[in-house]
Every structure is written in C-alpha cells, then in structure tokens.
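Each chain, letter by letter, is given below.
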Amino acid sequence: MFLWALFLIALTASYLSFQSFVDTGSRYFSASWGGIQWEKQVRNSAQIHRSGGLSVLVTGAAGFVGTHVSLALKKRGDGVVGLDNFNSYYDPSLKKARKALLNSHNVFIVEGDINDARLLAKLFDVVAFTHVMHLAAQAGVRYAMENPQSYVHSNIAGLVTLLETSKSADPQPAFVWASSSSVYGLNEKSPFSESDRTDRPASLYAATKKAGEEITHTYNHIYGLSITGLRFFTVYGPWGRPDMAYFSFTRNILQGKPITVYRGKNRVDLARDFTYIDDIVKGCVGSLDTAGKSTGSGGKKRGPAPYRIFNLGNTSPVTVPTLVSILEKHLKMKAKKNVVDMPGNGDVPFTHANISLARRELGYKPTTDLQTGLKKFVRWYLSYYGYNHGKPVN
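Residues numbered from 1 in each chain as written. Predicted model: local features only at pLDDT ≥ 70, side-chain atom pairs only at ≥ 80, totals over all residues. Heavy atoms only, no water.

## Examining the overall build of the protein chain
Here is step 1 of the chain: Of the regular secondary structure elements, the protein chain holds twelve helices and 17 strands.
Here is step 2 of the chain: When each of the 394 residues of the protein chain is scored for burial, the buried share is 55%.
Here is step 3 of the chain: At a minimum sequence separation of 6, the contacts of the protein chain that also span at least 24 residues come to 82%.
Here is step 4 of the chain: With an accessible surface of roughly 17500 Å², the protein chain has 54% of that area assigned to carbon and sulfur atoms. (Helix = DSSP H or I, 4+ residues; strand = E, 2+ residues; numbered from the N terminus. Buried < 20%, exposed > 50% of the residue type's maximum accessible area, 1.4 Å probe, protein only. Contact = heavy atoms within 4.5 Å. Areas by Shrake-Rupley, 256 points an atom, 1.4 Å probe, with all protein chains shown as cover.)

## Observations regarding a positive patch on the surface
Here is step 1 of the chain: Together, Lys329, Lys332, Lys375, Lys376 and Arg379 make up a region of like positive charge exposed at the surface.
Here is step 2 of the chain: If you tally residues by element for the positive patch, the top one is helix α12 (residues 370-384), at three residues.
Here is step 3 of the chain: One can find Lys375 in helix α12.
Here is step 4 of the chain: Given the relative accessible area of 46%, Lys375 is considered partly exposed. (Patch = residues over 30% accessible without salt bridge, like charges linked within 9 Å, V, L, I, M, F, W, Y side chains within 5 Å. Salt bridge = Lys/Arg side-chain N within 4 Å of Asp/Glu carboxyl O. Lys, Arg positive; Asp, Glu negative; His and termini not counted. Charge placed at Lys NZ, Arg CZ, Asp CG, Glu CD.)

## Quick look at the sheet that holds strand β2 (residues 79-84)
Backbone-to-backbone hydrogen bonds join strands into a sheet, with any given pair of strands oriented parallel or antiparallel.
Here is step 1 of the chain: Judged by pairing direction, the sheet is parallel, and its seven strands sit side by side in the order β3-β2-β1-β4-β5-β6-β13 without closing on themselves. If you trace the sheet from one side to the other, it starts and ends with β3 (108-111) and β13 (307-312), each paired once. Averaged over neighbouring strand pairs, the angle between their axes works out to 20 degrees when direction is ignored.
Here is step 2 of the chain: Examined bridge by bridge, β2 and β3 share four bridges and lie parallel to one another. Bridging across to β3, Gly82 finds its partner in Ile109.
Here is step 3 of the chain: Relative to the sheet, helix α2 (residues 36-46) contacts β1 (55-59), β2 and β3, its axis offset from that of β2 by approximately 125 degrees. (Pairing = 2+ DSSP bridges. Axes fitted to C-alpha atoms, helices over the stretch in contact; angles between N-to-C directions.)

## Let's talk about the nonpolar core
Here is step 1 of the chain: Val65, Met133, Phe232 and Tyr246 are the most contacted members of the largest nonpolar core, which has 69 residues in total.
Here is step 2 of the chain: Ranked by size, the runner-up nonpolar core spans 31 residues in total, among them Phe129, Leu159, Trp177 and Tyr219. (Core = buried A, V, L, I, M, F, W, Y, C linked by side-chain atoms within 4.5 Å.)

## Focus: unusual backbone geometry
Here is step 1 of the chain: Residue Pro171 is reached from Asp170 by a cis peptide bond, and omega for that bond is 10 degrees.
Here is step 2 of the chain: Following the sequence through the fold, Pro171 ends up in the loop between α6 (148-168) and β5 (174-178).
Here is step 3 of the chain: Of note, Lys332 is a non-glycine position whose phi angle comes to about 60 degrees, a positive value.

## Topic: the confidence of the model for the protein chain
Detailed conclusions should not be drawn from predicted coordinates in areas where pLDDT is low.
Here is step 1 of the chain: Considering every residue of the protein chain, the mean pLDDT works out to 90; 89% of them sit at 70 or more.
Here is step 2 of the chain: Ignoring residues within four places in sequence, the model shows residues 15-30, a span with pLDDT below 50, making 17 contacts including any to other chains. (pLDDT = per-residue confidence, 0-100.)

## Things to note about the pairing of strand β4 (residues 131-134)
Here is step 1 of the chain: Side chains of β4 alternate between two faces, with His131 and Met133 and Val132 and His134 buried alike.
Here is step 2 of the chain: Bridge analysis of β1 against β4 gives four bridges, and the strand direction is parallel. Note that in β4 the partner of Val58 across the bridge is Met133.
Here is step 3 of the chain: Where β4 lies against β5, four bridges are found, and the strand directions are parallel. Residue pairing for β5: Met133 is matched across the bridge by Val176.

## Concerning helix α10 (residues 320-331)
Here is step 1 of the chain: End to end, α10 covers 16 Å across twelve residues, agreeing with the expected 16 Å (1.5 Å per residue, within 8%).
Here is step 2 of the chain: All of the buried residues along α10 are Val320, Leu323, Val324, Ile326, Leu327, Glu328, His330 and Leu331.
Here is step 3 of the chain: The inward-facing, buried residues of α10 abut α8 (245-254), β8 (258-263), β14 (318-319), β15 (336-341) and α12.
Here is step 4 of the chain: A positive phi of about 60 degrees marks Lys332, the residue just after α10. (Expected span 1.5 Å × (residues − 1).)

## Concerning the packing of α6 against helix α7 (residues 204-223)
Here is step 1 of the chain: Running from amino to carboxyl end, α6 crosses α7 at an angle of 15 degrees, the nearest separation of the two axes being 10 Å. Taken as axis vectors, α6 and α7 run roughly parallel relative to one another. Once α6 is placed against α7, the crossing between them reads as right-handed. Residue-level inspection shows Pro148, Tyr151, Asn155, Ile156, Leu159, Val160, Leu163, Glu164 and Lys167 of α6 in contact with α7, the latter providing Leu204, Tyr205, Thr208, Lys209, Ala211, Gly212, Ile215, Thr216, Tyr219 and Tyr223. (Parallel < 35°, antiparallel > 145°, perpendicular 65-115°, else oblique. Left-handed = near helix turned anticlockwise from the far one by under 90°.)

## A word on helix α9 (residues 277-290)
Here is step 1 of the chain: Across its 14 residues, α9 extends 20 Å between first and last C-alpha, which sits within 8% of the 20 Å expected from 1.5 Å per residue.
Here is step 2 of the chain: The buried fraction of α9 is high, at ten of 14 residues.
Here is step 3 of the chain: By the burial criterion, the buried members of α9 are Ile277, Asp279, Ile280, Val281, Gly283, Cys284, Val285, Gly286, Ser287 and Leu288.

## Looking at the pattern of salt bridges
Here is step 1 of the chain: As enumerated under the stated definition, the model contains 17 salt bridges in all.
Here is step 2 of the chain: Note that Asp279 and Lys282 form a salt bridge whose closest N and O atoms lie 3.9 Å from each other. Placement of the pair is Asp279 and Lys282 together in helix α9, with a separation of three residues, close to one helical turn.
Here is step 3 of the chain: Of the charged contacts in the structure, one is a salt bridge between Glu328 and Lys337, with a shortest N-O distance of 3.6 Å.
Here is step 4 of the chain: Since its relative accessible area comes to 42%, Lys337 is described here as partly exposed.

## As for the packing of aromatic side chains
Each aromatic ring pair is specified by the distance between its two centres and by the angle formed by the two planes.
Here is step 1 of the chain: Tallying each qualifying case throughout the model produces 29 aromatic pairs.
Here is step 2 of the chain: Ring centres 6.3 Å apart and planes at 90 degrees place the aromatic pair Phe247 and Tyr385 in the edge-to-face group. Note that Phe247 is positioned in helix α8 and Tyr385 in the loop between α12 and β16 (387-388), a separation of 138 residues in sequence.
Here is step 3 of the chain: Judged by its relative accessible area of 1%, Phe247 is buried.
Here is step 4 of the chain: Judged by its relative accessible area of 32%, Tyr385 falls in the partly exposed class.
Here is step 5 of the chain: Ring geometry for Trp380 versus Tyr381: centroids 6.4 Å apart, planes at 75 degrees, classification edge-to-face. (Phe/Tyr/Trp six-rings, centres within 6.5 Å; stacked < 30°, edge-to-face > 60°.)

Okay, structure coming up:
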C-alpha cells in the first residue's frame, strides 16, 4: 500500500508541478543562464583547490544551512557551485545578503529552480560533480496549511527532478540531502533513533520529507545512487531563518512586541533538541566525506550502493521557556509573553535525537550548547540589523 501511495504522490507531484509552471508562466525557466561567461563562472566556482577534494553542487545555497555548508567546503579547498531560486517564503534580502557573502568567498550561485531539468542538465554538462548536497526545500511546518502545493512542488517534484539528473549523470555523484526530524511525527519514544517508526507524520512538511526518504531509496535500489539522508533537529544560529522561533522571538523582544509561547497538553512546556549551525555543518561535511560511490553509469546500476540515514541533533532538549530566558539574558531585555495551548497545526511537543549512529559512522560530535549558540546568534543579529544597545541604528 505504501508503494502505491508513493506512486500516487509522484503522479500528483508531476501534475501539480506542471500546473504550477503553466499558471506562473515561465517564472523560473526564464532566468538568464548559459553562455560562455556563465559557464566560465560555474567552472571557476567548481574548481578544486586541494588534493582529493570534492566538486559539490549545493542546492538551496542561499539558504541558512546551504550558506554555511558552502562556505565550509570552499574554505577547505573543495569546488562548490550553488543553486537557489531566491523565493519569497521569507525576506529575499537576507538570501541576497548570504549570496553576497558567498560571492566574496568565490562561490558562484546560479539563480534557478531544482524543477528546471534543462538547467540541471546544463550544470552537469559543464561540471562533473562528485557530490550533490541537496538542501533546497520548502521549509516550515505551519506554512504547509496555507500553501500545501509549494511543499509537493519543491520537496517531492523538485527532489525527483534532481534525482533524475543525478542518476543519468556519468559519473553519477554521491547524493546527500536534508530530510528532517519531523519525520518522527507522533513518535513518543525518546530519544528518537533512526530505526524508530516514521509512518505517522504530524504535518504535510513531515510527510513530504518521509516521502523523500522512500523516493531516494528507490533511486538507490534501481539506479545505484549513493544516498545519505540527514534528519536535522531544530537548527539555529547566525544567518538563520526568520520564521524560526528563536529568530522571531529576538526580533519581537527588541521591538517591544509580545511573543507567543506554546505549551503542550496538561500545560507541559514544549521542548526542542536545538542544534547549532556549526555542528550541523560538521555532520553535513562528514556525510559528504564518508559517502560511498554511486555504482550506476548513465542511469544503469552496476552494483549495490550505500543508503544511509542519520540523525543530526544536539541530544540535549531544552524547553521553549528556557530558550526565551536565555534570549532575555543576552538581549538584556524582558520578553512580553503570551502563553497559549499549542494549536493543531502540525507541531509536535518535543524532539530528542539519538546521535550514536552519526557519532560512529561520521565522527559527529556536537560541541555547542544553547547558551553559547544563542550568544553567537544574538551578536550576529544585532550587528546585521544595525542595533546598538538594544536600539536600531539609523
């Protein structure tokens, strides 16, 4: 039944993807790319500057995690080409600022969409990527109730388009991608382990990520793609996403506006396994470095290839009220709190990662606690948004 469900999802994705393109004209595909100068920029960015280095296509490169991973790879001498569609899910100016940061480190970002098969084919024609780091996605649990089609378009149809290009490449790249801790859904066993059941998603976002895990397994099984899926646990830090609680809490506290703090059943505080961005980057880079080779050629499998899934978390859940108190300390301001019961919008009461598998296989060791990580985030936030002693600088 589940395989049939996936088949139906794929058909739905294809239909919705096609309809989206018809409805929006040629929004993504009209982007200017190609030509001698463009190809030169792509090749230069993909150039490897260390022995045994990687050549990586990073999707969602102007996103939060994508920016940090791209910088880490480039700084150690790997070739990096970014791809991002700069959508307006949150303020595109922040993405443009991240792009400028990457450009200053000689990382070229192609503006385009992962559903654009022609663009993807061109990129693989210009560069023989050894790895794909697929971080592009429609994020956010609650937004799925407002715009469900965007999740199918990006997280399923876009994933399939990228997998199709990757499996047809010669040589095939190893494929590392961002799943989510949200796949654990209504699981009540703690901490969450990779072997736990993940068939009870609590949100459409989680369902699309779970579908992604099944779809990538299919491409591993049929086409010999080396696949590594990473279940991120509540990533935070500098250059983060404005829709995340720690980010919006910081903004509202500084502006003297109230914040909404949700609580679970029986007035139990919600808790999250907050994971600092630098630790997540280590896990991503470790996954790329340990990814076995794909075994297909031109879309034909020649032997079994690795299929792996890892939790990347901090293993130390912290309640949301504790998060708020840490922010108050670093901002030197008190929050105006509205405490309300958690609505049925897809959120879960707690997350807690078991990272023993990532520790063993990737050498993954998170080192930043929430107190330290939020201090670094607040310092970045105040600098980026021009605050001085709690007040914006004109």
